[in-house]
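Examining the three-dimensional arrangement
Here is how the chains run, residue by residue.
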Amino acid sequence: LTKKSDSMVRRLEYEELQYRLLAFLVIAEAKLKSWTVKCGRQDDVEALKYDYMNFVHEQELFKEYDRTYQDCKKRADVHKRQDPQNTAESDRVNKSLDDITERWRHLKVEISSVQTMLEEVIEYWKRYQACVDLFHVWLGDAEQMLKKPPEERGDFFENLDKWTEKLQVLKEASNFLIEAVDEPIAKEIKEQVLFIDRRFHDVQGQVQVYLSKQTTEKSRHEYSIGVESMQTWLLNAEELLRRKPDC
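Residues numbered from 1 in each chain as written. Predicted model: local features only at pLDDT ≥ 70, side-chain atom pairs only at ≥ 80, totals over all residues. Heavy atoms only, no water.

On inspection of all chains with the given rule, the structure shows 14 aromatic pairs. Within the aromatic cluster, the residues linked to one another by ring pairs are F135, W138, F156, F157, W163 and F200. Lying across the ring of Y124, R127 places its NZ or CZ 4.7 Å from the centre. Across the ring face of W163, the terminal group of K166 is positioned such that the distance to the ring centre comes to 4.9 Å. (Phe/Tyr/Trp six-rings, centres within 6.5 Å; stacked < 30°, edge-to-face > 60°. Lys NZ or Arg CZ within 6 Å of the ring centre and 35° of its normal.)

Below you can see the structure in the form of structure tokens.
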């Protein structure tokens, strides 16, 4: 009876740790699901990252799991030694541990990649928002500048190519976020970028017309100066030819 009671205690000790391991898996899987759904805005993603850092790093998830697993394995070995002839029980225990190990192996890989993923989303949010803010200011200034006479515009539009590059950066950031965030936010991003793109190309079109006129006027001015210089040279040449040479 005592031996049977001992065996039951060892089994219960093993099963307690086995259930603790399973609890690790269930909680970790639930957390993983909450971290990998479609994201929200930047502050929402930063909150997810904070939760991840706390759960995985501050609470030392991997270390705690490994410690619990090793304790469980030791208890399992003790439990199996209580009745070496019971191969069915040994096989059951081994299979249970193998299943848990395989499940944890895949889960650990996925959890380990979450931090990089969340940081990437945050970085794209920062890039997107910075571009949006810059374009709102610059487009407002550009639209006002186009209302002024050409002589008052100065060199404001000389760096238009750089703004074309910035627009490409904005589009790349928005394309990434559209795939990563909730549909309502993705729709808002699409509309925002489309609005900026239309305003920019409207400004760009007007600037190209303005610069083309400037180029034409400059060419005409240079042509006039050239013609005038040629006429002056011809008049001087004719004057020289009319003069009688001194003997």
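Now that the structure is up, let's keep going.
With that out of the way, let us pick up a negative patch on the surface. Taken together, the side chains of D43, D44, E46, D182 and E183 make up a negatively charged region of the molecular surface. Among the elements that take part in the negative patch, helix α2 (residues 42-58) stands out by supplying three residues, more than any other. (Patch = residues over 30% accessible without salt bridge, like charges linked within 9 Å, V, L, I, M, F, W, Y side chains within 5 Å. Areas by Shrake-Rupley, 256 points an atom, 1.4 Å probe, with all protein chains shown as cover. Salt bridge = Lys/Arg side-chain N within 4 Å of Asp/Glu carboxyl O. Lys, Arg positive; Asp, Glu negative; His and termini not counted. Charge placed at Lys NZ, Arg CZ, Asp CG, Glu CD. Helix = DSSP H or I, 4+ residues; strand = E, 2+ residues; numbered from the N terminus.)

For the rest of this paragraph, the subject is the packing of α2 against helix α4 (residues 87-145). Running from amino to carboxyl end, α2 crosses α4 at an angle of 155°, the nearest separation of the two axes being 10 Å. In terms of orientation, α2 lies roughly antiparallel with respect to α4. Like other packed secondary-structure pairs, α2 and α4 cross with a definite hand, here left-handed. Of the residues in α4, those touching α2 at Q42, V45, E46, L48, K49, Y52, M53, V56 and H57 are I111, S112, V114, Q115, L118, E119, V121, I122, W125 and K126. Per-class residue counts for the contact of α2 with α4 are eleven nonpolar, four polar and four charged. (Axes fitted to C-alpha atoms, helices over the stretch in contact; angles between N-to-C directions. Parallel < 35°, antiparallel > 145°, perpendicular 65-115°, else oblique. Left-handed = near helix turned anticlockwise from the far one by under 90°. Contact = heavy atoms within 4.5 Å. Nonpolar A, V, L, I, M, F, W, Y, C, P; charged D, E, K, R; others polar.)

Here the focus is the confidence of the model for the protein. With 84% of its residues at a pLDDT of 70 or more, the protein shows a mean pLDDT of 87. The least confident element of the protein, judged by mean pLDDT, is helix α6 (residues 183-242) at 76; the most confident is α2 at 97. (pLDDT = per-residue confidence, 0-100.)

Right, let's talk about the nonpolar core for a bit. Counting 59 residues, the largest nonpolar core has I111, W125, Y128, W138, F157, L170 and I189 as its most contacted members. Those elements giving two or more residues to this core turn out to be α1 (2-36), α2, α3 (61-81), α4, α5 (160-180) and α6. Residues contacting I111, with those up to four places away along its chain left out, are A28, L32, W35, Y52, V56, L61 and F62. (Core = buried A, V, L, I, M, F, W, Y, C linked by side-chain atoms within 4.5 Å. Buried < 20%, exposed > 50% of the residue type's maximum accessible area, 1.4 Å probe, protein only.)

Looking now at the pattern of salt bridges. Within this structure, the stated rule accounts for 17 salt bridges. In this structure, E89 and R92 form a salt bridge, with 2.7 Å as the shortest nitrogen-oxygen distance. Separated by three residues within a single helix, E89 and R92 lie in helix α4, roughly one turn from each other. A relative accessible area of 13% places E89 in the buried class. Salt-bridge contacts for E102 lead to R105; the nearest nitrogen and oxygen are separated by 2.7 Å. With E102 and R105 both in helix α4 and three residues apart, this pair spans about one turn of that helix. A relative accessible area of 36% places E102 in the partly exposed class. Residue class for R105 comes out partly exposed when judged on its relative accessible area of 44%.

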